Amino acid sequence: MDREREFIKNTKPQKNLLLWGLLVMLACISLEYWAYKHLQGIKDNPTLMSEVTEEGEYVCVVVESMTDFFASSTDGKEGEKKIYFLFDSEYLYTANLREKELKKLEKILEYSYDTERTTEPEPVKICGTTKYIDIKLKDLAIDSYNEIFNTDFLTYENFEKYVTNYYIDTASKVDDDFLWQSVLIGIFFCLGILLIYYYVKNAKNIKQTLSQYSHDLEVIKNEAISLNSLYEKKARIYLTENYIINLAKGLEIIDYKEVIWVYPHESRQNGYITQKSICVVTKDTKVHVIAVLSANKKNIAVCDKIYDILKQKVANAIQGYSDENREKAKDLFKNK
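As a starting point, this report considers the structure included with it. Everything numeric here is computed off the predicted structure, so don't read it as measured data.

Thresholds applied
Residues numbered from 1 in each chain as written. Predicted model: local features only at pLDDT ≥ 70, side-chain atom pairs only at ≥ 80, totals over all residues. Heavy atoms only, no water. Phe/Tyr/Trp six-rings, centres within 6.5 Å; stacked < 30°, edge-to-face > 60°. Buried < 20%, exposed > 50% of the residue type's maximum accessible area, 1.4 Å probe, protein only. Helix = DSSP H or I, 4+ residues; strand = E, 2+ residues; numbered from the N terminus. Axes fitted to C-alpha atoms, helices over the stretch in contact; angles between N-to-C directions. Parallel < 35°, antiparallel > 145°, perpendicular 65-115°, else oblique. Left-handed = near helix turned anticlockwise from the far one by under 90°. Nonpolar A, V, L, I, M, F, W, Y, C, P; charged D, E, K, R; others polar. Salt bridge = Lys/Arg side-chain N within 4 Å of Asp/Glu carboxyl O. Patch = residues over 30% accessible without salt bridge, like charges linked within 9 Å, V, L, I, M, F, W, Y side chains within 5 Å. Areas by Shrake-Rupley, 256 points an atom, 1.4 Å probe, with all protein chains shown as cover. Arc of directions from axis to C-beta. Contact = heavy atoms within 4.5 Å. Core = buried A, V, L, I, M, F, W, Y, C linked by side-chain atoms within 4.5 Å. Disulfide = S-S within 2.5 Å. Pairing = 2+ DSSP bridges. 1 Å grid on protein atoms, 1.4 Å probe; cavity = no way out; pocket = protein on both sides within 12 Å on 5 of 7 lines; lining within 4 Å. Points joined across faces, edges and corners; volume = space filled by probe spheres on them.

## Remarks on the packing of aromatic side chains
(1) Moving on: If you walk through the whole model with that rule in mind, you get 15 aromatic pairs.
(2) Moving on: Here Phe 153 and Tyr 162 contribute two aromatic rings whose centre-to-centre distance is 4.9 Å and whose plane-to-plane angle is 65°, an arrangement assigned as edge-to-face.
(3) Moving on: Look at Phe 153 and you get partly exposed, because its relative accessible area is 37%.
(4) Moving on: Relative accessible area serves as the criterion here: at 35%, Tyr 162 is assigned to the partly exposed category.
(5) Moving on: Residues Tyr 213 and Tyr 243 carry aromatic rings whose centres are separated by 6.4 Å and whose planes lie at 90° to one another, so their mutual orientation is edge-to-face. With Tyr 213 in the loop between helix H7 (174-212) and helix H8 (217-225) and Tyr 243 in strand E10 (residues 243-246), the pair connects residues that are 30 residues apart, well separated along the chain.

Shown next as structure tokens:
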């Protein structure tokens, strides 16, 4: 690519930011739609408890009668658990019920223990995900069932057949996974918005700069494409005969006549240089940070080269950073 075409390309908004932003947002919308449809598919087709083979499966049962809780525990991660026996028209289940589900089952619980009530309450559907019944909970379930119903029917041998090895955890919902997926998708969606925001911001900046220098654009372009000018692609900067053209944040044109102070800047972490740049202070007191590069050997050499050439271009400006130079710059601002 010749220098003129490259300069024209560099002084136009970076459409790749817009395209990437739109692609990321479109991908997020598609993923969110797929996740929602997947969730609805699970909810519309819950697994039968008799077919459960692992934890985390979504199940629903229609409760007709129940017992009070026979086991409880408090876990730092999951909070308080209370395990109940539930019955539908055919089978026996165990479930950890949240307050919300327990409220729904309140009339059924009262009816199950009130021998004088003759009107059966309407069955209530509850849903949750499956959790494995460990040996301790199985012991409690067997002992509690046999004690409540005054029998020795339930044993280790028939437990899986009549109760299954999983309980229904209403505190753990299939919606929880969807929620976390949505949060993650939302983060990437915001990234897409951010890319578009940067595109719009850069486009606006370029438009304003081109408008500000509209009468000098041809001169600036000819200087930029001249073989006597420096163009550093990594640093996204031109040093022409009369101007600094900074492309790092859209388009910034600085006339050397406006520069009163230049100095190199280093960012350090744990004593090591992580980034190098050059600060250009202009007569309007603004600090323009240019040639921002990560501090590897090649980039340091590039930054030093730009700084050396810039010092020659602004020979009358204050050069280098020191307390003395900072005071000189302050005095220049006062005397404006």
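## With respect to the packing of helix H2 (residues 15-44) against H7
(1) Moving on: Direction vectors running N to C along H2 and H7 enclose 165°, while the axes themselves pass 8 Å from each other. It follows that H2 is roughly antiparallel to H7 by the angle criterion. Here H2 and H7 pass one another in a crossing that is left-handed.
(2) Moving on: Taken together, the residues that form the contact of H2 with H7 break down as 23 nonpolar, five polar and four charged.

## Side note on the pattern of salt bridges
(1) Moving on: Taken as a whole and assessed by the stated rule, the structure comprises 12 salt bridges.
(2) Moving on: With its nearest N and O atoms 3.8 Å apart, the salt bridge here joins Glu 324 to Lys 328. With Glu 324 and Lys 328 both in helix H10 (residues 323-334) and four residues apart, this pair spans about one turn of that helix.
(3) Moving on: By relative accessible area, which is 39% here, Lys 328 ends up partly exposed.
(4) Moving on: Connected via shared salt-bridge partners are Glu 266, Arg 268, Lys 276 and Asp 304.

## A short note on a nonpolar patch on the surface
(1) Moving on: Residues Leu 179, Trp 180, Val 183, Leu 184, Ile 187, Phe 188, Leu 191, Leu 194, Tyr 197 and Tyr 198 make up a contiguous nonpolar surface patch of roughly 1000 Å² in combined accessible area.
(2) Moving on: Relative to the elements of secondary structure, Tyr 197 occurs in helix H7.

## As for helix H4 (residues 106-113)
(1) Moving on: Along H4, the residues that are buried comprise Ile 108, Leu 109 and Tyr 111. The arc enclosing the buried residues of H4, seen along the axis, measures out at 165°, which places them on a common side.
(2) Moving on: The inward-facing, buried residues of H4 contact strand E1 (58-63), strand E2 (65-66) and strand E6 (124-132).

## A closer look at the nonpolar core
(1) Moving on: Ile 244, Ile 278, Val 280, Ile 290, Ile 306 and Leu 310 are the most contacted members of the largest nonpolar core, which totals 21 residues.
(2) Moving on: Put simply, the parts of the chain that give this core at least two residues each are strand E9 (237-239), strand E12 (259-269), strand E13 (272-282), strand E14 (287-294) and helix H9 (297-313).
(3) Moving on: Here the element with the most residues in this core is H9; it accounts for five residues.
(4) Moving on: Excluding anything up to four places from it in sequence, Ile 278 contacts Tyr 263, Pro 264, His 288, Val 289, Ile 290, Ala 291, Cys 303, Ile 306, Tyr 307 and Leu 310.

## Structural notes on the state of the cysteines
(1) Moving on: Enumeration over the complete set of coordinates arrives at one disulfide.
(2) Moving on: Note on cysteine connectivity: Cys 60 is disulfide-linked to Cys 127, with sulfurs 2.0 Å apart. As the torsion about the S-S bond is roughly 110°, the Cys 60-Cys 127 disulfide counts as right-handed. Highlighted residues: Cys 60 in strand E1 and Cys 127 in strand E6, separated in sequence by 67 residues. Here the two residues Cys 60 and Cys 127 agree in accessibility, since each one is buried.
(3) Moving on: Not part of a disulfide, Cys 28 finds its nearest cysteine sulfur in Cys 190, a span of 8.8 Å.
(4) Moving on: Residue Cys 28 is classed as buried on the basis of its relative accessible area, which comes to 5%.

## A few points about the pairing of E6
Two faces, one strand: in a regular strand the side chains alternate between the faces of the sheet.
(1) Moving on: Among the nine residues of E6, seven are classified as buried, and the element is accordingly described as predominantly covered.
(2) Moving on: As paired strands, E1 and E6 are joined by six bridges and run antiparallel to one another. Following the sheet pairing, Val 59 is matched in E6 by Gly 128.
(3) Moving on: Relative to strand E7 (residues 166-169), E6 runs antiparallel, the two sharing four bridges. When the bridges of E7 are listed, Lys 131 appears paired with Tyr 167.

## Some words on the layout of surface pockets
(1) Moving on: Size it by volume and the largest pocket reaches roughly 640 Å³.
(2) Moving on: Around the largest pocket, the lining is made up of 24 residues, and of these Asn 205, Thr 209, Leu 251, Glu 252 and His 288 lie nearest the centre.
(3) Moving on: For the lining of the largest pocket, the secondary structure elements donating two or more residues are H7, strand E11 (252-255) and E14.
(4) Moving on: In terms of residues, the lining of the largest pocket owes the most to one element, H7, which gives eight residues.
(5) Moving on: When its residues are assigned to classes, the lining of the largest pocket shows seven nonpolar, eight polar and nine charged.
(6) Moving on: A volume near 280 Å³ is recorded for the second largest pocket.

Such coordinate-based values are descriptive only and should not be taken to indicate function.
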